[in-house]
Number of protein chains: 2
Amino acid sequence: MKLPVVSIVAKSGTGKTTLLEKLIRELKRRGYRVGTLKHDAHQFDIDREGKDSWRLTQAGADTMLISSPAKVAMVRQNPEGREPDVEELASAYFHDVDILLTEGFKKSGFPKIEVHRQARSPELMCRGKEKDPALIAVASDTLTDKKTELDVPVFDINAASEICDFIEAEFLS
Amino acid sequence: MKLPVVSIVAKSGTGKTTLLEKLIRELKRRGYRVGTLKHDAHQFDIDREGKDSWRLTQAGADTMLISSPAKVAMVRQNPEGREPDVEELASAYFHDVDILLTEGFKKSGFPKIEVHRQARSPELMCRGKEKDPALIAVASDTLTDKKTELDVPVFDINAASEICDFIEAEFLS
C-alpha cells in the first residue's frame, strides 16, 4: 500500500504545530503508526552544543546517529546541499508508518489541510487568486459557520477527533 | 563494496569522542564521506524542549523528521523498544558513506581501536583475561614505548593522521 501523506499548511503563526500535535495524539490513540515531517528553511539546531553527538557532527560527520534502546536520532548533511523531496524522504525514513503528516511543504502536490485563524488572516492561503486543487479540508476558528462558501469540508480548529475521522475515512480505510 | 565499520572503544572517560572528532576531521580532509554511530544506554535528549520538532515527538510521532536545504534530522522511536543492531543501522542510514566509525558497541564483532590513557586505567579493556580478537590497534598516551608487548599496532593518542593512514590502508584502499 502506498503511504498516505497529508500536509498541514497555514500562514506562519496560525498554529500548524498545535494542530499537528493534536492529530498525532489522536491517530496514535487510534492505534496508527504516525510519521511527521517538518520543513525548515533555516539552519535549525536540533542538537545541544557541547554534547558528544553535537561534537561528532561539528567534526564533519556526514551522517551522525545516536542509538539507544528506546530510540534512534540522526543528523545527516545533505550531499551537495540538495534537499531531498518529500517522496525521497518518505521512502528513506517512513516505510513503516501508516501515515505521514507534513508541516509546510506548501508547494508539494500532496493533499492539504489548511489551518486558519481569523485573527491571523481572514483569507485562506489555498483559496487565493489561484485555487490550490490539493486542498482537501480547512481547520478554522471562524469559517465553520460559512461552510457553504467553501468547496471542501471545514472543521473546527480544535476538533482533532473529527479531523481524524475525515483523515481515516479518506486515507486509512 | 561492503561498508567498513571501525569501532572506537575505551573505558568511560578515556576520550573516545575526542579521538573520534580528530579521526572524522582527518578522514574528511582526505575526501572521504564519514558516518558515525554513537551508542547511548540512557534516555538521551537530542532535541530542545519547547521547539516545534520536540513538540511533535512528544505528541507521539513514531518518526519525526526535520528537513532543510543543508541537512535532515530525525528522531525515531524503536518499534517495541527493540534497538537495531549495527548492521541494521548501517544498511538503513549509512549506505552512502565510505566508512562508519562507531563509538562504543564494545560487544560487536567489528574491528576495534581501543583508546587508552594511563591516568584513566593502566589496563587495556580488550587485553584483559579474555583477549578480544577484534582489537586491531591501540591509541594510547603511554603504551607507545612498549609496542613489543602488544600484538597490535600502538599509536599515540593524538596521532590522528597516523591512525588514519592505518585505517586507510586496512579498509579504504
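Residues numbered from 1 in each chain as written. Chains lettered and ligands numbered in written order. Predicted model: local features only at pLDDT ≥ 70, side-chain atom pairs only at ≥ 80, totals over all residues. Heavy atoms only, no water.

(A) Up close: the relation of the copies chain A and chain B. Turning chain A through 180 degrees and shifting it by 0.0 Å along the axis lays it on chain B, with an RMSD of 0.0 Å. On this basis, the relationship between the two copies can be described by a two-fold rotation axis. Most of the interface of chain A is mirrored in chain B, where 100% of its interface residues are also at the interface. (Least-squares fit on C-alpha atoms with pLDDT ≥ 70 in both. Contact = heavy atoms within 4.5 Å.)

(B) Broad picture of empty space enclosed by the protein. Residues and elements named next belong to chain B. With the rule as written, the count across this model stands at two cavities of 30 Å³ or more. Of the pockets and cavities examined, the largest cavity occupies roughly 50 Å³. Lining the largest cavity we find Lys11, Thr14, Glu114, Val115, His116, Arg117, Arg120, Ser121, Glu123 and Met125. The residue inventory of the lining of the largest cavity, partitioned by class, reads two nonpolar, three polar and five charged. Tallied by class, residues from the lining of the second largest cavity come to one nonpolar, three polar and five charged. (1 Å grid on protein atoms, 1.4 Å probe; cavity = no way out; pocket = protein on both sides within 12 Å on 5 of 7 lines; lining within 4 Å. Points joined across faces, edges and corners; volume = space filled by probe spheres on them. Nonpolar A, V, L, I, M, F, W, Y, C, P; charged D, E, K, R; others polar.)

(C) Here's a closer look at helix H3 (residues 86-93) of chain B. Listed in full, the buried residues belonging to H3 of chain B are Val86, Leu89, Ala90 and Tyr93 of chain B. All buried residues of H3 of chain B project into a common sector of 100 degrees when viewed along the axis, lining one side. (Buried < 20%, exposed > 50% of the residue type's maximum accessible area, 1.4 Å probe, protein only. Helix = DSSP H or I, 4+ residues; strand = E, 2+ residues; numbered from the N terminus. Arc of directions from axis to C-beta.)

(D) Here's a closer look at the interface of chain A and chain B. Facing the 62 residues of chain A at the interface are 62 residues of chain B. There are ten salt bridges connecting chain A and chain B. Among the salt bridges present, the one from Lys28 of chain B reaches Asp62 of chain A, with a minimum N-O distance of 2.8 Å. Inspection of the chain A/chain B interface yields 37 residue pairs in polar contact (both at pLDDT 80 or more). (Salt bridge = Lys/Arg side-chain N within 4 Å of Asp/Glu carboxyl O. Polar contact = N/O pair within 3.5 Å; in protein donor to acceptor, adjacent residues only side chain to side chain.)

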